[in-house]
Amino acid sequence: ALVRRTVFVTGAVDLKGCPSPDRGECAFIGRSNVGKSSLVNMLTNRKSLAFTSKTPGKTQQFNYFAVNDKPELERQIRYGDDVGGSKDRDSFYIVDLPGFGFAKVPQKQRQQWSDFMEEYFAKRKNLKVVFHLIDARHGPTEEDGRIMQKVGNLLDSNKTTYVVILTKADKNVKGADSEKNPGKVSNKVWEKLLETMKANKVGYAPIVLTSANTRLGRDEVWKYLRLAAEV
Ligand code: GDP
């Protein structure tokens, strides 16, 4: 009911290539294989949103999907056709940020991607939510720490909500029984996550456990997605 339609809009490699900021947007970032596609499909009730981020050569793009758009909009954005006010009131963008952790991305491209991301975090006016996906079974990597650092330094927390998502939290984990630990992450992963968040000045961020398999966390993530839709 919350999602009527989702379409791919464009892939951007710099801020100029992003669609005009005429609605809110939320970004999903995480290492490849973290479960990003599965989560976004679960959230938007799709079996397989064509995540072009998986296409070789397109991995470094910021891929824009319009949720709850009128069909003409895609044409309007792509070809500049003036088809007149086609934006639905509750429309927003989902932005699939490049999955990091590919071993073979050349240094030059890595730098380019990193520059764009910094610029994007600092300057994208309509950025309402950043979802940072981390595998519940492994916890944050060094790269995740660096992302948090950027977020802590660049995001204006008055304007953008930063949310940590623990993916693949399907199973109860034995021994995950401390007061704060929600029971689906090992205490070791949980402690490391909190530590890494604090060290990078994002200790304030909410943590949501999700599973694309059981649909755990769907309503809670939607609470934040709604921030992007209500602009
Ligand atoms: P992406 O590369 O981040 O887009 O990751 P995918 O969504 O393609 O998922 C990577 C792998 O993790 C696939 O084999 C999925 O089946 C698996 N996976 C994704 N989400 C879940 C989940 O919630 N639970 C479990 N157990 N596996 C998942």
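Residues numbered from 1 in each chain as written. Predicted model: local features only at pLDDT ≥ 70, side-chain atom pairs only at ≥ 80, totals over all residues.

An unreviewed UniProt entry lists the protein chain under the name EngB-type G domain-containing protein, from Cyclotella atomus.

K.L.:
Describe the overall build of the protein chain, listing the residues and the values that go with them.
P.N.:
A count of helices and strands for the protein chain gives 6 helices and 7 strands. Starting at the N terminus and ending at the C terminus, the protein chain contains elements arranged as β-β-α-β-α-β-α-β-α-β-α-β-α. Each of the 231 residues in the protein chain was classed as buried or not, and the buried ones make up 38%. Long-range pairs, those at least 24 residues apart, make up 76% of the contacts in the protein chain between residues at least 6 apart in sequence. (Helix = DSSP H or I, 4+ residues; strand = E, 2+ residues; numbered from the N terminus. Buried ≥ 20, exposed ≤ 12 C-beta atoms within 10 Å, placed from the backbone. Contact = placed C-beta atoms within 7 Å.)

K.L.:
I'd love a proper account of the site of the ligand, names of residues and values included.
P.N.:
By nearness alone, 15 residues border the ligand, and G35, K36, S37, S38 and A212 come closest of all. Here the shell around the ligand gets 3 residues from one element, more than from any other, and that element is helix 1 (residues 36-43). Among the residues forming the shell around the ligand, the class breakdown is 2 nonpolar, 10 polar and 3 charged. (Near = placed C-beta within 6 Å. Nonpolar A, V, L, I, M, F, W, Y, C, P; charged D, E, K, R; others polar.)

K.L.:
Residues and numbers for the nonpolar core, please.
P.N.:
Residues A27, F131 and I165 are the most contacted members of the largest nonpolar core, which totals 54 residues. The element that contributes the greatest number of residues to this core is strand 5 (residues 127-135), accounting for 6 residues. (Core = buried A, V, L, I, M, F, W, Y, C linked by C-beta atoms within 7 Å.)

K.L.:
Describe helix 1, and please don't skip the residues or the numbers.
P.N.:
Owing to its 3.6 residues per turn, the α-helix brings residues three or four apart onto one side. Counting buried residues in helix 1 gives 6 out of 8 residues, a clear majority hidden from the surface. Along helix 1, the residues classified as buried are K36, S37, L39, V40, M42 and L43. The secondary structure elements touched by the buried residues of helix 1 are strand 2 (25-30), strand 4 (92-96), strand 5, strand 6 (161-167) and helix 6 (218-229). Taken from the residues just after helix 1, N45 is the one with a positive phi, measuring 60°.

K.L.:
Give me the lowdown on the packing of helix 3 (residues 107-123) against helix 4 (residues 142-154), citing residues and values where you can.
P.N.:
Here helix 3 crosses helix 4 at 35°, and the two axes come no closer than 9 Å. Of the two elements, helix 3 crosses helix 4, and the hand of that crossing is right-handed. Each of M117, E118, F121 and A122 in helix 3 lies in contact with helix 4, whose residues at this interface are K150, V151 and L154. Classifying every residue of the contact of helix 3 with helix 4 by side-chain character gives 5 nonpolar, no polar and 2 charged. (Axes fitted to C-alpha atoms, helices over the stretch in contact; angles between N-to-C directions. Left-handed = near helix turned anticlockwise from the far one by under 90°.)

K.L.:
Which residues make up the pairing of strand 2, and what are the values?
P.N.:
Every other side chain in a regular strand lies on the same face of the sheet, so the side chains alternate between the two faces. A large share of strand 2 lies buried, amounting to 6 of its 6 residues. Sheet topology places strand 2 next to strand 4; 4 bridges connect them, and they run parallel. Bridge pairing in strand 4 places E25 opposite Y93. Note that strand 2 and strand 5 share 6 bridges and pair parallel. By the bridge assignment, A27 is partnered in strand 5 with V130. (Pairing = 2+ DSSP bridges.)

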